[in-house]
Amino acid sequence: SPTPGRLVESVAPASSIQYNNRVYEMTSQGRDVITLSLGEAFFDVPTPYFDNLPAGRIHHYSHSRGLPLLREKLATYYKVECQTPVDPETELVVTAGSKAAIYLALLALIDPGDEVLILEPSWVSYVEQVRLCRGVPVQVPWYESAGDLERYVTPRTRLVIVNNPNNPSGHVLGRDELGALYEVAERHGLQVLADEAYNEFVVGDDRFLSCGTFDPHKTRTVICNSMSKNYGMSGWRIGYAIAHPDIVNSILTLNQHIVTCAPTILSYYLAENFDGILDMTRPQIRDVVTLRNGIADELTARGIGTMPGSSTFYLFVSLGASRLDSDAFASRLLEERQVSVVPGAGYGPSCERFVRVAVGSEPEHRVRAGVSAVCDWIE
Ligand code: PLP
C-alpha cells in the first residue's frame, strides 16, 4: 500500500475535529449525543437568499485577495470596532476560513527550523501547522507567567502566536499582558501572529484589545480572524488576515496556489449583509457568554476547577481527582453517556488534566445535562 510522506506522518489529527466527526457519525446512526465538543455557537441567523446577487458572477472564481466590498467591510470593522486602521486594498486578504489564514501566514513568515512560541492552552492546530511549515513549535506551559516567555526565546525564535480571547480557556488578555508580550517581541525582533477569532465574545466589564492597537503599522503583527465564531458561520469557510502589505502579498501568492479564493457566492452575500448579521449575533453572543460564565461559577461552587477565563463559549474543566486521562475521559463519556467533550491533551502537554466543554451548540437544558454528566465523572 502507498506510504505517506514523513511530513504528514509527523502531524497529529485535530482532536476536536476527530470527536466531532464521531458525533456526526453517531447522530447519523440515530444516536442522541449531547454535543459539547463543537467549536462554534449555533446562532439564529436567517437562511441566506442569493436571488439579488449578480447571477453571472456568484458561481465563479473571484479576486483572490477577496471581494473588494467584503474587504472594505472587514477593514472598516477593524478600524471602528478594534481601533486598528486597515487599508482594504493592501493590508487585508480574505481566505477560506481563518485556519487557512493562519497557515498561510505561518508559511509566509517562517523558514524551516525557525522556532515558534505557542502559549498553552493552545488551539489544536497551531503546533501542527508550524510542523507543516517545517518550523519548530515551542510550547509554553499555561502555568508559566507571561513574564517568563522570554526564557523560551532563542536565536532561532521567529514568531509568537497569541490567541485572544483564548480557545479553550476563555481568557482575555489585558493591556499589561499584551504590553509585556510586545516588549519581548520588540527586544528579540519577533513577529506576532494574533488569532482574534473570538473577539466579539468579550462582554461585561472585560475589554477586547486587538494586537493591532500595539502595532498600527503592522511591522511585526499579523491578525487572523473569521466569520466562523462571531457570525456563527463556520461552514461558510470565510476568514481573513490583516498584515503589512508585504506579508499580505506573500499570503496572496500562496493563496493563489493553494485555494485561489474564498467561496465567491458566500462572500457576495456576506458583503451585502455584513452589519445586519452582526446585529443578529451580538445579543446571542452575550447570552452564550453569560451562560458560560454562569456555569463556570456553578462548577466553582461545586469544587470543580476551570481554567480562569470569562469569554468564548468554552470551559476548560479540570479533571480533579479523576483517575482517567483526558483522552480516556472524553472517549468513555461519549460511548457510555453520549456526551461529547474534547480531551485537553490536544491543547498542549500541560493540559492533559483538562477537558474542553463547549456550551454554544445545544439548548441550555441539554448543555446542563451534559455538564452534569461531566461533573458526575469528576466528583
Ligand atoms: N482559531 C481558533 C482559536 C479557533 O478556535 C478556530 C476554530 O475552532 C479557528 C482559528 C479556525 O476557524 P475557521 O477556520 O473556521 O475560521
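Residues numbered from 1 in each chain as written. Predicted model: local features only at pLDDT ≥ 70, side-chain atom pairs only at ≥ 80, totals over all residues.

In the nomenclature of an unreviewed UniProt entry, the chain corresponds to Aminotransferase from the organism Streptomyces armeniacus. UniProt's Sequence similarities (unreviewed entry) comment on the chain is quoted here verbatim: "Belongs to the class-I pyridoxal-phosphate-dependent aminotransferase family." UniProt's Cofactor (unreviewed entry) comment on the chain is quoted here verbatim: "pyridoxal 5'-phosphate". (UniProt positions renumbered as here; feature names shortened; annotations may be inferred.)

## A closer look at the domain arrangement of the chain
Per the domain assignment, the segments making up the chain are domain 1 (6-44 + 281-378) and domain 2 (68-276). Domain 1 and domain 2 are separated by 24 Å when their C-alpha centres are compared. Listed by partner, the interface residues are 33 residues for domain 1 and 32 residues for domain 2. Those elements that provide at least two residues to the side of domain 1 that touches domain 2 are helix H2 (15-28), helix H8 (264-301) and strand S9 (314-318). Of the residues in the side of domain 1 that touches domain 2, the class split is 16 nonpolar, twelve polar and five charged. (Domains from an automatic or database assignment. Contact = placed C-beta atoms within 7 Å. Helix = DSSP H or I, 4+ residues; strand = E, 2+ residues; numbered from the N terminus. Nonpolar A, V, L, I, M, F, W, Y, C, P; charged D, E, K, R; others polar.)

## As for the packing of helix H4 (residues 98-109) against helix H7 (residues 245-258)
Where H4 meets H7, the closest approach of the two axes is 9 Å, and the angle between their N-to-C directions is 115°. The angle between H4 and H7 falls in the class roughly perpendicular. When you trace H4 past H7, the crossing you get is right-handed. Residue-level inspection shows Leu104, Ala105, Leu107, Ala108 and Leu109 of H4 in contact with H7, the latter providing Ile247, Ser250, Ile251, Leu254 and Asn255. (Axes fitted to C-alpha atoms, helices over the stretch in contact; angles between N-to-C directions. Parallel < 35°, antiparallel > 145°, perpendicular 65-115°, else oblique. Left-handed = near helix turned anticlockwise from the far one by under 90°.)

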